[in-house]
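# Descriptive analysis of the structure
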Protein chains: 2
Amino acid sequence: MPKLWNETIESHRDAVRAAILDATASLVADRGLAPVTMSQIAQAAGIGRATLYKYFPDVEAILTAWHERQINSHLEYLSQVRNRTVGPGQQVESVLEAYAFLSHSGPGTADFARLHQGPHVGLAQQHLRGFLADLLRQGADAGRFRRDVAPDELAAFCLHALEAASALTSRDAVLRLVKVTMTALQPPPPPHSGSGGSGS
Amino acid sequence: MPKLWNETIESHRDAVRAAILDATASLVADRGLAPVTMSQIAQAAGIGRATLYKYFPDVEAILTAWHERQINSHLEYLSQVRNRTVGPGQQVESVLEAYAFLSHSGPGTADFARLHQGPHVGLAQQHLRGFLADLLRQGADAGRFRRDVAPDELAAFCLHALEAASALTSRDAVLRLVKVTMTALQPPPPPHSGSGGSGS
């Protein structure tokens, strides 16, 4: 087969795949997760069930692929946000704020993720966490963030904490959530500020 | 019908209901969420499909009921933890630690919850958040926690942040997560500690 033909097939496959993921996203948004079936997805994507099964073995696989696509697009956006900002402290704050607003407006993709992957974290999610961990490491090296907890653990903490944004009703509440999360990243204060064993 | 007969029916219904929820929990634990069907649940619970439909209209409703039961049992446990501890500061720390270990060992019930309920938060989840918000309010009144963010928002922040425990591999990592979360609750330091606009 000439190369052009292969490319046409390839781009057709990409288009079908994208249509399947879009259809699934809108079904999930409309009806929640559990009741989505392969037949419904095929119908919403405008393809036959047999075709759908050529692309994905089951609903789980589609949801995982959809989620990976979401996270990758978030990651791209967050990289842009980082590149617009100078200094690791400010970069972390801007990225956390952007992520909080993604969680706030999005269809709870992160929940989703963990649900479907359980202890096995998806590749895109790992990249997202690694991206944030790098910024936190630079900030810790610059004395801006705590060093008593590894950047990777802090990154996981931040991503979870900011998912609280999905249930918040105002922009101000999202900004407060970012502020509270940023507080947790500060270096611990010198040991005299009243947290001793006074039993309070 | 005599009262005794009603009570027998009632306790039989409770037993069937509990068996359905148990069966669902073990199916979900084994296979993840999306593929669970009413037939599988009926089979795992040892009842007919027709009987199952007398109890629950669909998988979604079962998952919601199961989740409510989980959260209620967590809430009961967390109340005991609180009652064993003195002073709002210590109480919050003990409760957060206990919750983190529940998330660490459990099958990610919280994810689950939000997934299935979306913006509508379940009653049990509301109670859990309210329970924690009360402790945080007492701690804020005692000067132990920050007052610039409402206790309810702080409670939501904590519950989300601690879900990071579900992916942690060690007990020490869970304890570090609790420490980081507690840091976020501290009153903001007086405004001189280097967080000014130095563009870091």
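Please read these numbers as outputs of a predicted model, since none were measured by experiment. The numbering scheme is per chain: residues are counted from 1 as the chain's sequence reads. Labels follow written order: the first chain is A, the first ligand is 1, and so on. The predicted origin of the model limits local features to residues at a pLDDT of at least 70 and limits the giving and counting of side-chain atom pairs to 80 or more, whereas totals for whole chains, interfaces and linings rest on all residues. By convention in this description, side-chain values take in all heavy atoms of the structure and omit both hydrogens and water.

## Structural notes on the UniProt feature "DNA-binding region" (unreviewed entry) in chain A
According to UniProt, the feature "DNA-binding region" (unreviewed entry) maps to residues 37-56 of chain A in the numbering used here. Labels follow the DSSP assignment, with helices taken as runs of H or I lasting at least four residues and strands as runs of E lasting at least two, numbered in each case from the N terminus. Measuring from the first to the last C-alpha atom of residues 37-56 of chain A gives 12 Å, for a span that is 75% helix and 0% strand. UniProt positions are given in the numbering used here, feature names are shortened, and annotations may be inferred rather than shown by experiment.

## Focus on the nonpolar core
Only buried Ala, Val, Leu, Ile, Met, Phe, Trp, Tyr and Cys residues count toward a nonpolar core, and they belong to the same one when joined by side-chain atoms within 4.5 Å. Burial classes follow relative accessibility: with a 1.4 Å probe on protein chains only, a residue under 20% of its type's maximum area counts as buried, one over 50% as exposed, and anything between as partly exposed. Grouped together as the largest cluster of nonpolar side chains are 80 residues, with contacts concentrated most on Leu96 and Leu185 of chain A together with Leu96 and Leu185 of chain B. Contacts are assigned to residue pairs that have any heavy atoms within 4.5 Å of one another. Excluding its chain neighbours within four sequence positions, the residues that come into contact with Leu96 of chain A are Leu132, Cys158, Leu162, Val178, Thr181, Met182 and Leu185 of chain A.

## Focus on the packing of aromatic side chains
Only rings of Phe, Tyr and Trp enter the pairing, Trp through its six-membered ring, and a pair is recorded when the two centres are within 6.5 Å. The plane angle decides the type: under 30 degrees is stacked, over 60 is edge-to-face, the rest tilted. Inspection of the entire model under this criterion finds 1 aromatic pair over all chains. Ring centres of Phe157 of chain A and Phe157 of chain B lie 6.0 Å apart, and the angle between their planes is 85 degrees; this geometry places the pair in the edge-to-face category. Here Phe157 of chain B lies in helix H8 (residues 151-162) and Phe157 of chain A lies in helix H8 (residues 151-162), a pairing that spans two chains. Both residues of the pair, Phe157 of chain A and Phe157 of chain B, belong to the buried class. Counting as a charge over the ring demands two things of the Lys NZ or Arg CZ atom: a distance within 6 Å of the ring centre and an angle within 35 degrees of the ring normal. One Lys or Arg, Arg13 of chain A, reaches over the ring of Tyr55 of chain A and ends 4.5 Å from the middle of that ring.

## Some remarks on the packing of helix H4 (residues 59-83) of chain B against helix H7 (residues 123-141) of chain B
All names here are of chain B. To get an axis, a line is fitted to the C-alpha atoms, and for a helix only the part in contact is used. The angle between two axes follows their N-to-C directions and goes from 0 to 180 degrees. Interhelical geometry of H4 versus H7 gives an angle of 20 degrees and a closest axis separation of 8 Å. Compared by their axis directions, H4 and H7 come out roughly parallel. Viewed along their axes, H4 and H7 form a crossing whose handedness is left-handed. In this structure, H4 contributes His67, Glu68, Ile71, Asn72, Leu75, Leu78, Ser79 and Arg82 to the contact, and H7 contributes Leu123, Ala124, Gln125, His127, Leu128, Phe131 and Leu135. For the contact of H4 with H7, the residue count by class is 8 nonpolar, 5 polar and 2 charged. Every angle not falling under 35 degrees, over 145, or within 65 to 115 is termed oblique; those three ranges are roughly parallel, roughly antiparallel and roughly perpendicular. The crossing is said to be left-handed when, going from far helix to near helix, the turn is anticlockwise and less than a right angle, and right-handed when the turn is clockwise. Any residue outside Ala, Val, Leu, Ile, Met, Phe, Trp, Tyr, Cys, Pro, Asp, Glu, Lys and Arg is labelled polar, Gly included; the first ten of those are nonpolar and the last four are charged.

## Things to note about the packing of helix H5 (residues 88-105) of chain A against H8 of chain A
The packing of two helices is summarised by the inter-axis angle and the distance between the axes. All names here are of chain A. Where H5 contacts H8, the two axes come as close as 9 Å, and the packing angle between them is 40 degrees. Relative to H8, H5 is oriented oblique. Both H5 and H8 take part in a crossing whose hand is right-handed. Every residue of H8 that contacts H5 at Leu96, Tyr99, Ala100 and Ser103 is listed here: Cys158, Leu159 and Leu162.

## Looking at the environment of Glu68 of chain B
Residues and elements named next belong to chain B. Mapped onto the elements, Glu68 comes out in helix H4. Between the alpha carbons of Glu68 and Gln125 there is a distance of 7.5 Å; along the sequence they are 57 residues apart. Among the polar contacts made by the side chain of Glu68, one reaches the main-chain amide nitrogen of Ala124 at a distance of 3.3 Å. Pairs of N or O atoms within 3.5 Å make up the polar contacts considered here, provided that, within protein, one atom can donate a hydrogen while the other can accept it, and that residues adjacent in sequence are counted only when both atoms are side-chain atoms.

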